[in-house]
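Notes for the structure review
Below, each chain spelled out in residue letters.
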Amino acid sequence: MSSQYALEHDQRLKDAWAYQRSRVDAWEDRPFPPLEWAELEAFLYGTAATLAAVVGPAANLERELAELIGTYLTGDRAGRIDIPPTTPPGRAWSAVPLASLSGPFVDSMRRLHAYGSIGTLPDDDLPGAIEQFVRRIESDLDSLASLLKNLPKAAATPGRLNLQMVHDIASARLAVDEGTRQAPAAGLAWLGRVSVKTVQNLLSRGQLTGGSGSADPHSARGWLADRKDWSRSCWREAIEAINSGLVAPFQEFDAEQVADTSADGEDAIVEWTFVPRAADGSLFLPDLMRLRGWTIGARGAERSFGDYWRALDHLQQTDRPHWRRPNEAGAYNIVVGRDWVRIARAEIELQLRAVLKTGGRQ
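A separate point is the overall build of the protein. If you tally the helices and strands in the protein, you get 12 helices and 8 strands. Across the 362 residues that make up the protein, the buried fraction comes to 43%. Working note: accessible area of the protein is about 19700 Å², and carbon and sulfur atoms make up 51% of it.

As structure tokens, this is what we get:
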């Protein structure tokens, strides 16, 4: 492997890790779109109605069934689920705090929800090997497909996903990522930000190849690649980046300096600094250096600094940090910092020395 190829390979992994961080941070703050167990809810209410026909009118049946299912799914974490007796009919399951649920099925749904929506998993859920990731998602999809056969169809509230949609989106994404299965039309439509009818029309006209209600993986991949709003998966590169030692899964620290163990077993102090991160995941790092240095500031108030640390210090003192970075076409656009990422100062110093040797970007 040539040194240039190695540098480009490492940069690709670091860029992918930036996407991993920005997506997971946003996801852990608020999963979107929200997941709604609409089919299970319909099953619960249907079961309550069937039992009421056998035992007679029973006002608490729905609530007791929802409490029973919820209690089994909390394990030892929260104990018994108690739903207020004043909960109106048809709302018992909605009163169950889904965030408190746990267990294999709950974990499986959360993985599929995250994978389908953001193309990766939270750091703690990423396995150590790509093959493990694929097997886990395939197993989760198979389990959900088996369950859906025994549940009634039920639409989700607008703006939310039901279990069937989570299955179809994750299945379509896996088809595009791995090419080993068909991409359901509904899931492919969601990934491409178009209506299901649009995908069905593309299939009927032969612009997408496939069978009834699904597209071939290679055809689906090619169609999505032409769409600017297609959010590609980043799980594969995230796993590779962790295994390569270039990055580490996100951890929170209470201080800017923490003790680390050096090779001789003694504790060393690691000095940290914070760099701004834009909404697209790009960071203000030394590799943004151009002939005039690093350009920061809002449009009309831009300044160029020949010293990276002075530029970073200036950004840290502003309410909304602005800086220029190249887009996919190579043009330098202004981006605005959304949050801050902690990086070891020694890592930035290494990057800075490498950049200064080349003289920066043109």
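Right, picking up where we left off after that structure.
Attention shifts here to the nonpolar core. Judged by nonpolar contacts, the single largest core of 63 residues is most densely connected at Trp37 and Trp93. In terms of residue count, the dominant contributor to this core is helix α6 (residues 163-178) (8 residues). Beyond its immediate sequence surroundings of up to four residues, Trp37 is in contact with Leu73, Trp93, Leu101, Phe105, Val106 and Leu163. Residues Val275, Phe284, Met289 and Phe305 belong to the second largest nonpolar core, which totals 22 residues.

The N-to-C vectors of α6 and helix α7 (residues 185-192) enclose an angle of 75°; their axes lie 7 Å apart at closest approach. Here α6 lies roughly perpendicular to α7, going by the angle between them. Here Met165, Asp168, Ile169, Ala172 and Arg173 of α6 lie close against α7, whose contacting residues are Ala186, Gly187, Leu188, Trp190 and Leu191. Residue composition of the contact of α6 with α7, grouped by class: 7 nonpolar, 1 polar and 2 charged.

A cluster of acidic residues, Glu28, Asp107, Asp124 and Asp125, forms a negative patch on the protein surface. You can see Glu28 is positioned in helix α1 (residues 3-29).

Let us look at the side chain of Arg324. By secondary structure assignment, the location of Arg324 is in strand β7 (residues 322-326). Overall, the relative accessible area of 17% leaves Arg324 in the buried class. A polar contact is formed between the side chain of Arg324 and the side chain of Glu302, at a distance of 2.6 Å. Engagement of the side chain of Arg324 in a polar contact is seen with the backbone oxygen of Tyr332, the distance being 2.7 Å. If near-sequence neighbours (up to four positions away) are discounted, Arg324 is found in contact with Leu288, Thr295, Arg299, Glu302, Tyr332, Asn333 and Ile334.

Sheet topology note: the β7/strand β8 (residues 332-344) ladder contains 5 bridges and is antiparallel. Residue pairing for β8: Arg325 is matched across the bridge by Asn333. Turn length for the β7-β8 hairpin, with the two strands adjacent in sequence and antiparallel, is 5 residues, and the turn residue Gly330 shows positive phi of about 95°.

Moving on: the confidence of the model for the protein. With 90% of its residues at a pLDDT of at least 70, the protein reaches an overall mean of 84. Overall, residues 250-263 carries pLDDT values under 50, and its contacts beyond four positions in sequence, including any with other chains, amount to 28 contacts.

As a further point, take empty space enclosed by the protein. Counted according to the given criterion, the structure contains 1 cavity of 30 Å³ or more. Lining the largest cavity we find Ser117, Arg173, Trp190, Leu191, Arg193, Asp229, Trp230 and Ser231. In terms of residue class, the lining of the largest cavity is made up of 3 nonpolar, 2 polar and 3 charged.

A few words now on the pattern of salt bridges. According to the stated counting rule, one finds 11 salt bridges in the structure shown. Residues Glu67 and Arg63 are paired through a salt bridge, measuring 3.4 Å at the closest nitrogen-oxygen approach. Taken as a pair, Glu67 and Arg63 lie in helix α3 (residues 61-72) at a separation of 4 residues, close to a single helical turn. In this pair, the class of Glu67 matches that of Arg63, namely buried. The residue Glu178 makes a salt bridge to Arg236 at a minimum N-O spacing of 2.2 Å. Here the residue Glu178 occupies a position in helix α6, and Arg236 occupies one in helix α10 (residues 235-244), the gap between them amounting to 58 residues.

The rules behind these values
- Residues numbered from 1 in each chain as written.
- Predicted model: local features only at pLDDT ≥ 70, side-chain atom pairs only at ≥ 80, totals over all residues.
- Heavy atoms only, no water.
- Helix = DSSP H or I, 4+ residues; strand = E, 2+ residues; numbered from the N terminus.
- Buried < 20%, exposed > 50% of the residue type's maximum accessible area, 1.4 Å probe, protein only.
- Areas by Shrake-Rupley, 256 points an atom, 1.4 Å probe, with all protein chains shown as cover.
- Core = buried A, V, L, I, M, F, W, Y, C linked by side-chain atoms within 4.5 Å.
- Contact = heavy atoms within 4.5 Å.
- Axes fitted to C-alpha atoms, helices over the stretch in contact; angles between N-to-C directions.
- Parallel < 35°, antiparallel > 145°, perpendicular 65-115°, else oblique.
- Nonpolar A, V, L, I, M, F, W, Y, C, P; charged D, E, K, R; others polar.
- Patch = residues over 30% accessible without salt bridge, like charges linked within 9 Å, V, L, I, M, F, W, Y side chains within 5 Å.
- Salt bridge = Lys/Arg side-chain N within 4 Å of Asp/Glu carboxyl O.
- Lys, Arg positive; Asp, Glu negative; His and termini not counted.
- Charge placed at Lys NZ, Arg CZ, Asp CG, Glu CD.
- Polar contact = N/O pair within 3.5 Å; in protein donor to acceptor, adjacent residues only side chain to side chain.
- Pairing = 2+ DSSP bridges.
- pLDDT = per-residue confidence, 0-100.
- 1 Å grid on protein atoms, 1.4 Å probe; cavity = no way out; pocket = protein on both sides within 12 Å on 5 of 7 lines; lining within 4 Å.
- Points joined across faces, edges and corners; volume = space filled by probe spheres on them.

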